[in-house]
Amino acid sequence: MRAYMSHHQGMTIVALGNVVHDGATRRRFHAHPLVQAAELLLQERTPRAVAVARPRAEEVRVTALVRDLLPPTLRRFESPHDITPRTHLLSNGRYTVMITASGAGFSRWGDFAVTRWREDAICDDWGSFIFLRDADTGDVWSAGFQPSGTEADTYDVVYSEDRAKIMQRHRSVSTTLEIVVSPEDDAELRRLTVTNLEDRDREIDVTSYAAPQGVDEAHPAFSKLFVETEFVPELGTLLASRRPRSADEPRVWLAHLIALDGEAYDTPQYESDRARFLGRGRGIRTPLAVVDGEPLSNRAGIVLDPIMSLRQRVVIPGRGTAHLVFTTLV
């Protein structure tokens, strides 16, 4: 008596079809997202797309044991006030973020400056910022010391290999700002955690601010005229692009958006005009749009001095926590 297993017969038919159709079955299998995610594990030999480096003998002898390896180092600061700003660099090789202990810094994508920055160790007030405003009391502060300059009750900065973290407590509100650069995409993520230390509910307006730069250093006023902004309602995303000045110049797009953990209190607001955001005769330390608590204009297009600003109001219950992620990508 003979027994035939149907799955063996099926494997034989699939193998024949794979040979006749020049590996069609194999291509379908590797095109599946789940298979692509673990494709390296399926390569029994050395992975094809991984560069092989041959270490020198002296390098192998230096660290023969795992316990001899040094653990990742952390740098910790308890104040934003230093004679020389304490800086930290985060990068995936293409997109780079420089952050100081005060919360200032810059973002770059290759040779392209994403945000405006000037090397000013005294003011140190350039970069991408996040403002917070208590809707009931009108108190205004920022996720770092800059740009509001409000002295926090406690202030702690931690630099690690993969992120920068700024933690502070402002009266009865505790905030933690984590800044990371995506290893896969050319993007930075700023995750803000806001904790209500009181028993009553609180409404907090969280507002981001970033000024695109481009070639601002060469011709500031002229360069700003080439930046256009656009809001995409279905994605809740503010876009900025620089119009090419020649046919062979590539068009670069910048996107800025918010992700909220939980239900939003209302729809996000946006602003693209720096003059309207700051107000007449004001600077970034006391912007009119934040201090007065008025709604953002929700206008985009071509302006004389473009910025990217989004606002989301969050309602935090007593002893509760809210999480927001501001993403900027090129």
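Residues numbered from 1 in each chain as written. Predicted model: local features only at pLDDT ≥ 70, side-chain atom pairs only at ≥ 80, totals over all residues. Heavy atoms only, no water.

Moving on, we come to the overall build of the protein chain. Along the protein chain, the regular secondary structure elements total eight helices and 19 strands. When each of the 330 residues of the protein chain is scored for burial, the buried share is 41%. Taking contacts inside the protein chain between residues at least 6 apart in sequence as the whole, the part at least 24 apart equals 61%. (Helix = DSSP H or I, 4+ residues; strand = E, 2+ residues; numbered from the N terminus. Buried < 20%, exposed > 50% of the residue type's maximum accessible area, 1.4 Å probe, protein only. Contact = heavy atoms within 4.5 Å.)

With 15 residues, helix 1 (residues 6-20) extends 21 Å from end C-alpha to end C-alpha; this agrees with the ideal 21 Å at 1.5 Å per step. A positive backbone phi angle near 55 degrees is found at D22, which sits one or two residues after helix 1. (Expected span 1.5 Å × (residues − 1).)

Strands sit in the order 7-6-12-18-17 across an open sheet of five strands; the sheet is antiparallel. Two strands close off the open sheet at either side, each with one partner strand: strand 7 (140-142) and strand 17 (269-273). Averaged over all pairs of adjacent strands, the angle between their axes in this sheet comes to 20 degrees, without regard to strand direction. Strand direction decides the pairing type here: strand 17 and strand 18 (residues 306-316), joined by four bridges, are antiparallel. Each bridged residue has a counterpart across the sheet, and for Q269 the counterpart in strand 18 is R311. (Pairing = 2+ DSSP bridges. Axes fitted to C-alpha atoms, helices over the stretch in contact; angles between N-to-C directions.)

Another point: the pattern of salt bridges. Applying the stated criterion across every chain yields a total of 23 salt bridges. Linking E228 and R243 is a salt bridge whose minimum nitrogen-to-oxygen distance equals 3.3 Å. On the criterion of sequence distance, the pair formed by E228 in strand 14 (residues 227-232) and R243 in the loop between strand 15 (237-242) and strand 16 (253-260) is long-range, its members being 15 residues apart. Residue E228 is classed as partly exposed on the basis of its relative accessible area, which comes to 22%. Of the residues examined, R243 reaches a relative accessible area of 29% and is grouped as partly exposed. As a salt-bridge pair, R276 and E271 come within 3.2 Å of each other at their nearest N and O atoms. Members of the salt-bridge network, linked through shared partners, are D134, D136, E198, R200 and R202. (Salt bridge = Lys/Arg side-chain N within 4 Å of Asp/Glu carboxyl O.)

Moving on: the packing of aromatic side chains. Under the counting rule described, the total for this entry stands at five aromatic pairs. Aromatic pair F106 and W117: ring centres 5.0 Å apart, planes at 55 degrees, arrangement tilted. With F106 in strand 4 (residues 105-109) and W117 in the loop between strand 5 (112-115) and strand 6 (129-134), this residue pair connects regions lying 11 residues apart in the sequence. Between F131 and F277 the ring centres are 6.4 Å apart and the planes differ by 50 degrees, which places this aromatic pair in the tilted class. Separated by 146 residues along the polypeptide, F131 in strand 6 and F277 in helix 7 (residues 274-278) bring together distant segments of the chain. Look at F131 and you get buried, because its relative accessible area is 1%. The rings of F131, Y209 and F277 are connected pair by pair, giving a single aromatic cluster. (Phe/Tyr/Trp six-rings, centres within 6.5 Å; stacked < 30°, edge-to-face > 60°.)

Put simply, Q146 and P147 share a cis peptide bond, and its omega is 5 degrees. Tracing the sequence through the fold places P147 in the loop between strand 7 and strand 8 (154-159). The phi torsion at R319 lies on the positive side, around 60 degrees, for a residue other than glycine. A relative accessible area of 56% means that R319 is categorised as exposed.

Time to look at the environment of F231. Mapped onto the secondary structure, F231 falls in strand 14. For F231, a relative accessible area of 17% puts it in the buried group. For the pair F231 and A300, spaced 69 residues apart in sequence, the C-alpha to C-alpha distance is 6.6 Å.

A few words on the side chain of S160. Its location among the elements puts S160 in the loop between strand 8 and strand 9 (164-170). Overall, S160 belongs to the buried group, its relative accessible area being 13%. Separated by 3.2 Å, the side chains of S160 and D162 make a polar contact. Each residue touching S160, except ones within four places of it in the same chain, is listed here: T73, L74, H88 and L90. (Polar contact = N/O pair within 3.5 Å; in protein donor to acceptor, adjacent residues only side chain to side chain.)

Next up on the list: the side chain of R202. Structurally, R202 can be placed in strand 12 (residues 202-209). Polar side-chain contacts of R202 include one of 2.5 Å to the side chain of D134.

Its location among the elements puts P244 in the loop between strand 15 and strand 16. For P244, a relative accessible area of 33% translates into the label partly exposed. Those residues in contact with P244, other than ones at most four positions away along the chain, are E249 and R251.

For the rest of this paragraph, the subject is the sheet that holds strand 8. Across the sheet, which stays open at both edges, the nine strands sit in the order 1-8-9-10-11-19-16-15-14 with antiparallel pairing between neighbours. Edge positions in the sheet fall to strand 1 (75-77) and strand 14, since each has one partner strand and no second. The mean inter-strand angle of the sheet, taken between neighbouring strand axes irrespective of direction, is 15 degrees. In this sheet, strand 19 (residues 321-329) lies alongside strand 16 in antiparallel orientation, the contact comprising six bridges.

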